[in-house]
Amino acid sequence: MKKYTNFLLLFFLISCGNQEQELQSYKTKLAELEATHLTLENKLKEQEIKIKTLKDVTAKWDKDALEITNKDLKAQTQKLNQTVAENAMSKQVDPENFRKSFVFSLPNDFLQAFEGVSDKYKISSALNPFYTTGHFDTDDKLDYAVFIENKQNNKQGVAVIRGSDYSKFYIIGAGNTLNDGSDDLNGLLALTTLNTNLIESRDENPAPQIKSLNVISLSFTNFSSAVVYLDEGEFKLYTQAD
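Each chain carries its own residue numbering, running from 1 in the written order of its sequence. Totals for whole chains, interfaces and linings use all residues, but because this is a predicted model, local features are given only for residues with pLDDT of at least 70 and pairs of side-chain atoms are given and counted only at 80 or more. With hydrogens and water excluded, all non-hydrogen atoms of the structure serve as input to the side-chain values.

Trainee: In this structure, what is going on with the overall build of the chain? I would like to understand it.
Mentor: Secondary structure assignment for the chain yields four helices and nine strands. Only runs of H or I of at least four residues qualify as helices and only runs of E of at least two qualify as strands under DSSP, and these elements are numbered from the N terminus. Each helix and strand of the chain, ordered N terminal to C terminal, gives the series α-α-α-α-β-β-β-β-β-β-β-β-β. By the burial criterion, 31% of the 242 residues in the chain qualify as buried. Residues are treated as being in contact if the distance between any of their heavy atoms lies within 4.5 Å. Expressed as a percentage of contacts within the chain between residues at least 6 apart in sequence, the contacts between residues at least 24 apart total 51%. Exposed residues in this analysis have more than 50% of their type's maximum accessible area, buried residues have under 20%, and partly exposed residues fall in between, with area computed by a 1.4 Å probe over protein chains only.

Trainee: Please clarify how the layout of surface pockets should be interpreted in this entry.
Mentor: Regions of empty space are outlined by a rolling probe, equal in size to a water molecule, passed over the atoms. If you add up the space inside the second largest pocket, you get close to 220 Å³. Every residue along the wall of the second largest pocket is listed here: Phe136, Asp137, Thr138, Arg162, Gln209, Ile210, Lys211, Ser212, Leu230, Asp231, Glu232 and Gly233. In terms of residue class, the lining of the second largest pocket is built from three nonpolar, four polar and five charged. Grid points spaced at 1 Å over the protein atoms alone were grouped into cavities, where a 1.4 Å probe fits but cannot get out, and pockets, open sets with protein on both sides within 12 Å along at least five of seven lines, with lining residues defined by an atom within 4 Å of a point. Grid points are joined across faces, edges and corners, and a volume is the space filled by probe spheres set on the points. By the convention adopted, Pro, Cys, Tyr, Trp, Phe, Met, Ile, Leu, Val and Ala count as nonpolar, Lys, Arg, Asp and Glu as charged, and the other residues, Gly among them, as polar.

Trainee: For this particular structure, what's the right way to read the pattern of salt bridges?
Mentor: Two side chains carrying opposite charge are able to pair once their charged atoms lie near each other. A side-chain nitrogen of Lys or Arg and a carboxyl oxygen of Asp or Glu constitute a salt bridge if their distance falls within 4 Å. On inspection of all chains with the given rule, the structure shows three salt bridges. Asp137 is paired through a salt bridge with Arg162; the nearest N and O atoms lie 2.9 Å apart. Remark: Arg162 occurs in strand β4 (residues 156–162) and Asp137 occurs in the loop between β2 (131–134) and β3 (143–150); sequence separation between them is 25 residues. In this structure, Asp137 and Arg162 share a single accessibility class: buried.

Trainee: Is there a simple way to explain the pairing of strand β5 (residues 165–173) in this structure?
Mentor: Paired strands, in this sense, are two strands between which DSSP finds at least two bridges. As defined by bridge partners, β4 adjoins β5 across six bridges and the pair is classed as antiparallel. Paired with Arg162 across the two strands is Asp165, which belongs to β5. Count of turn residues in the β4/β5 antiparallel hairpin: two residues.

Trainee: Can you walk me through the environment of Asn186 in this structure?
Mentor: With respect to the helices and strands, the residue Asn186 is situated in the loop between β5 and β6 (188–195). Residue class for Asn186 comes out partly exposed when judged on its relative accessible area of 47%. The spacing of Asn186 and Gln156 is 30 residues in sequence and 5.5 Å in space, taken between C-alpha atoms.

Trainee: Just checking my understanding: could you explain the nonpolar core for this structure?
Mentor: Nonpolar side chains in soluble globular proteins generally cluster together in the buried interior. By size, the foremost hydrophobic cluster in this structure holds 20 residues, and its most contacted members are Val158, Val160, Ile172, Ile216, Leu218 and Phe235. Setting aside residues up to four positions removed in sequence, Leu218 forms contacts with Val158, Leu185, Leu188, Ala190, Leu191, Ser225, Ala226, Val228 and Leu237. Listed in part, the 16 residues of the second largest apolar core include Ala113, Phe114, Tyr121 and Phe169. Joining through side-chain atoms within 4.5 Å is the link that ties buried Ala, Val, Leu, Ile, Met, Phe, Trp, Tyr and Cys residues into a set, and such a set is a nonpolar core.

Okay, here's the thing in structure tokens:
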């Protein structure tokens, strides 16, 4: 009987110990939940303050004036783009209007970077559109290709600037010798972006292995179309099948 009593006492003590551990575990979890709740409450208060601040700011806006300004800007942009297109088609370029259109078309960082080569090259409006964008290298930054003209010899070409490095321009043509021996993109009809998998390969000269998502597509009036692609840090020309 004594042994049985001792066994019950031992079982009771073990049970109490387990309950104490569970109780401590619950207390710990409760403390964690309370801390999380407090953090969420603080974040909610911060959001409420931000919302109130935004409401106070927007309440002072003249919505009618903003709408009129927005419509006016859209109208100006449309007018400038129309003027550029008309001048390009008639081969008569108004330099001032064309220069203003840069503000609406090209990012300020691009224009500032182009100042570094503007002593030798100028952005040309002979094409419409005169630039295209795409992923011409393997990073996720947007790259630009712009139609240009050499001020000294009037040879035409394309200036490429990669979104990852605005300090460096790559000049294709415009007096610079390409991998096919040419140095002038005279006769260029259109400058567009093409997905790499849409390149048309020639049997006698298969398309190169290109890692970028896009290439620069060049359409000419007097000979086959071509693409410009990046290869080992250098932009090269590949003539497609037509």
